[in-house]
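The primary structure of each chain is shown beneath.
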Amino acid sequence: MAEWIKAGAVIFAAGLALYLIVVLVVWAGQERFIYQTRSLPSGYRFTFEASYEEVSIPTADGEAINGLFFRARGDSRGAVLYFHGNRGNLSRWGHMHRPFTDRGYDVLLIDYRGYGKSTGKPSETGLYQDGEAALQWLQQHHRLEQVIFYGRSLGSGVAAYLASRYTPKSLILETPYDVLPNVIQHQVMLPLPRGIFRHHFPTFRYLSEARCPIHILAGTHDRLIPLRLPLKLKPLLRSPSDLALIQGAGHHNLSAFQAYHFELDRLLLP
């Protein structure tokens, strides 16, 4: 019996040590996981089929945010302020203007601080400031009631934050989460102490404060942000139809499904 107790104690100690190592790794490396930045030289030239204006937008704390402004095809119905995911830069994300410019909307996409040509180091507060600066720039071209906030993945938290402070035409979130630490916990497959997280992006709280129409697009086979997380946001929507589930879609490929484009037609076209 004593040997069994001793063996159990050794196994427990080893498991506890492994768990503490995971906690330490998450605590120390969460910025690297959340903000997967890729910089660009200042002289880099973007290449897209459509014409665009490249802009540098000053933030309230002295950073310079790089942005791309695409004009709508034909007469403009309004504008989309697009906040991309946590990986890459505008050389990857710039093409995302097409679903919106093809439907008659001007589009402003930005690289967060530390991404692409944007200066600074990313943080939750910093990304909110980047979003505020981008909105101020866009309002030189469009009234707030003409602007749609569109947030994808990490960017859904930024878009939701802005919607809690301003009232745009609408807010569209693609593959969102309720709160960012839940995404990290899903990835490590372990419960983690809340106190170790420095970046939260509490989308659920911001949506409860938003006064505009809110729409969510989520894939049923998303392995990065599991469906149970956007489903937690459903009670904050005005109607069940404001949550569109794209059957068979994962995290990165919603636009490959016809149902996604059907939803954009429903939300963007009169």
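Above this text is the structure in question.
Residues numbered from 1 in each chain as written. Predicted model: local features only at pLDDT ≥ 70, side-chain atom pairs only at ≥ 80, totals over all residues. Heavy atoms only, no water.

A. Representation of helix α9 (residues 258-268) within the structure. Every buried residue of α9 is accounted for by Tyr260, Glu263, Leu264, Leu267 and Leu268. Each buried residue of α9 sits inside an arc of 110° when the element is viewed along its axis, so together they form one side. Facing away from the buried side of α9, by more than 90 degrees, are the exposed residues Gln258 and Phe262. At its buried positions, α9 is contacted by α3 (98-101), β6 (105-110), β7 (147-152), β8 (170-174), β9 (214-219) and β10 (243-246). (Buried < 20%, exposed > 50% of the residue type's maximum accessible area, 1.4 Å probe, protein only. Helix = DSSP H or I, 4+ residues; strand = E, 2+ residues; numbered from the N terminus. Arc of directions from axis to C-beta. Contact = heavy atoms within 4.5 Å.)

B. Molecular detail of the nonpolar core. Among the nonpolar cores identified, the biggest contains 53 residues, and Leu81, Leu108, Phe149, Leu154, Leu171 and Phe201 are the most heavily contacted of them. Setting aside anything within four residues of it in sequence, one finds Leu171 in contact with Phe149, Ala159, Ala160, Ala163, Leu207, Cys212, Pro213, Ile214 and His215. (Core = buried A, V, L, I, M, F, W, Y, C linked by side-chain atoms within 4.5 Å.)

C. Spatial organisation of the environment of Gly155. Assignment of secondary structure puts Gly155 in helix α5 (residues 154-165). As a C-alpha pair, Gly155 and Gly85 span 70 residues in sequence and 5.4 Å in three-dimensional space.

D. Spatial organisation of the side chain of His215. Within the secondary structure, His215 sits in strand β9. Looking at His215, its side chain comes within polar contact range of the side chain of Asp242, at 3.3 Å. If we ignore the near neighbours within four places in the chain, the residues touching His215 are Ser170, Leu171, Ile172, Leu173, Asp242 and Leu267. (Polar contact = N/O pair within 3.5 Å; in protein donor to acceptor, adjacent residues only side chain to side chain.)

E. Molecular detail of the sheet that holds β10. Read from one edge of the open sheet, eight strands run β2-β3-β6-β4-β7-β8-β9-β10, paired in mixed fashion. The open sheet has two free edges, formed respectively by β2 (53-58) and β10, since each of these has just one partner strand. Averaged over all neighbouring strand pairs, the angle between strand axes comes to 20°, with direction disregarded. Summarising the sheet, strand β3 (residues 64-70) and β6 pair through four bridges and their orientation is antiparallel. Residue pairing across strands places Leu68 opposite Leu109, the latter belonging to β6. Packing of α5 onto the sheet brings it into contact with β4 (78-83), β7 and β8, and relative to β7 it is tilted by some 145°. (Pairing = 2+ DSSP bridges. Axes fitted to C-alpha atoms, helices over the stretch in contact; angles between N-to-C directions.)

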